[in-house]
Amino acid sequence: AVSVPAAQQGTLPANSSAFKLGSAGELLNRVVGQTEAAARRTLEAEGYKVTTRTASRTGQARGTVVSATPQDAVLVDGATVILNISDGTSPAPAV
């Protein structure tokens, strides 16, 4: 059993399936580098909603997920994940 300090008791529901502690970061890291379609399928299969933003000057191929972040601070079941999708442009040359 995990010992929780009295000051923190009640801040998260005990053993709540709504909080995927530890696995959320792995899931978000796993979709980085995938195509938008593949990342969307992965996240939606896990019960998340997906929204996208365009990322410019990433140097990544067009349609590639360059980062994934929760819309809110905590990723809970059914939450929205923001996928930043490369538009295929290269970074600006160094001056």
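Residues numbered from 1 in each chain as written. Predicted model: local features only at pLDDT ≥ 70, side-chain atom pairs only at ≥ 80, totals over all residues. Heavy atoms only, no water.

(A) Expanded view of the pattern of salt bridges. Under the counting rule described, the total for this entry stands at two salt bridges. Linking R40 and E36 is a salt bridge whose minimum nitrogen-to-oxygen distance equals 3.5 Å. Of this pair, R40 and E36 both sit in helix α2 (residues 36-45), separated by four residues, roughly a single helical turn. The partner of E44 in a salt bridge is R40, and the shortest N-O contact between them spans 3.6 Å. Residue E44 and its partner R40 are both found in helix α2; the two are separated by four residues, about one turn of the helix. Taking the relative accessible area as the measure of exposure, R40 reaches 25% and is therefore partly exposed. Members of the salt-bridge network, linked through shared partners, are E36, R40 and E44. (Salt bridge = Lys/Arg side-chain N within 4 Å of Asp/Glu carboxyl O. Helix = DSSP H or I, 4+ residues; strand = E, 2+ residues; numbered from the N terminus. Buried < 20%, exposed > 50% of the residue type's maximum accessible area, 1.4 Å probe, protein only.)

(B) Structural context of the environment of V65. Of note, V65 is situated in strand β2 (residues 65-70). By relative accessible area, which is 1% here, V65 ends up buried. A C-alpha to C-alpha distance of 9.0 Å links V65 and A55, two positions ten residues apart in sequence. Not counting the four nearest positions on each side in its chain, V65 is found in contact with V31, V32, G33, Q34, T35, E36, A39, L83, N84 and I85. (Contact = heavy atoms within 4.5 Å.)

(C) Structural detail: the sheet that holds strand β3 (residues 80-86). Taken in spatial order, the three strands line up as β1-β3-β2 in an open sheet, and their pairing is mixed. Unpaired on one side and paired on the other, β1 (49-55) and β2 mark the two borders of the sheet. In this sheet, neighbouring strand axes are inclined to one another by 25° on average, regardless of whether the strands run parallel or antiparallel. Relative to β3, β1 is paired through seven bridges, and the arrangement is parallel. Note on β3: the bridge partner recorded for R53 is N84. Sitting on the sheet, α2 touches β1, β2 and β3, and the angle it makes with β3 is about 170°. (Pairing = 2+ DSSP bridges. Axes fitted to C-alpha atoms, helices over the stretch in contact; angles between N-to-C directions.)

(D) Representation of the confidence of the model for the protein within the structure. Within the protein, residue pLDDT values average 81, and 75% of them lie at 70 or more. Of all the helices and strands in the protein, helix α1 (residues 23-31) carries the lowest mean pLDDT, 82, while β1 carries the highest, 96. When the criterion is pLDDT under 50, residues 12-18 qualifies, and its contacts beyond four places in sequence or with other chains add up to seven contacts. (pLDDT = per-residue confidence, 0-100.)

(E) Geometry of the nonpolar core. Counting residues in each nonpolar core, the largest one holds 15 residues, and the members touching the most others are L43, Y48, L75, V81 and L83. Listing elements by their share of this core, those giving two or more residues are α1, α2, β2 and β3. Counting residues per element, this core draws most heavily on α1, at four residues. Contacts of V81, omitting those with residues within four sequence positions, involve L28, L43, Y48, K49, V50, T51, A68, T69, P70 and L75. (Core = buried A, V, L, I, M, F, W, Y, C linked by side-chain atoms within 4.5 Å.)

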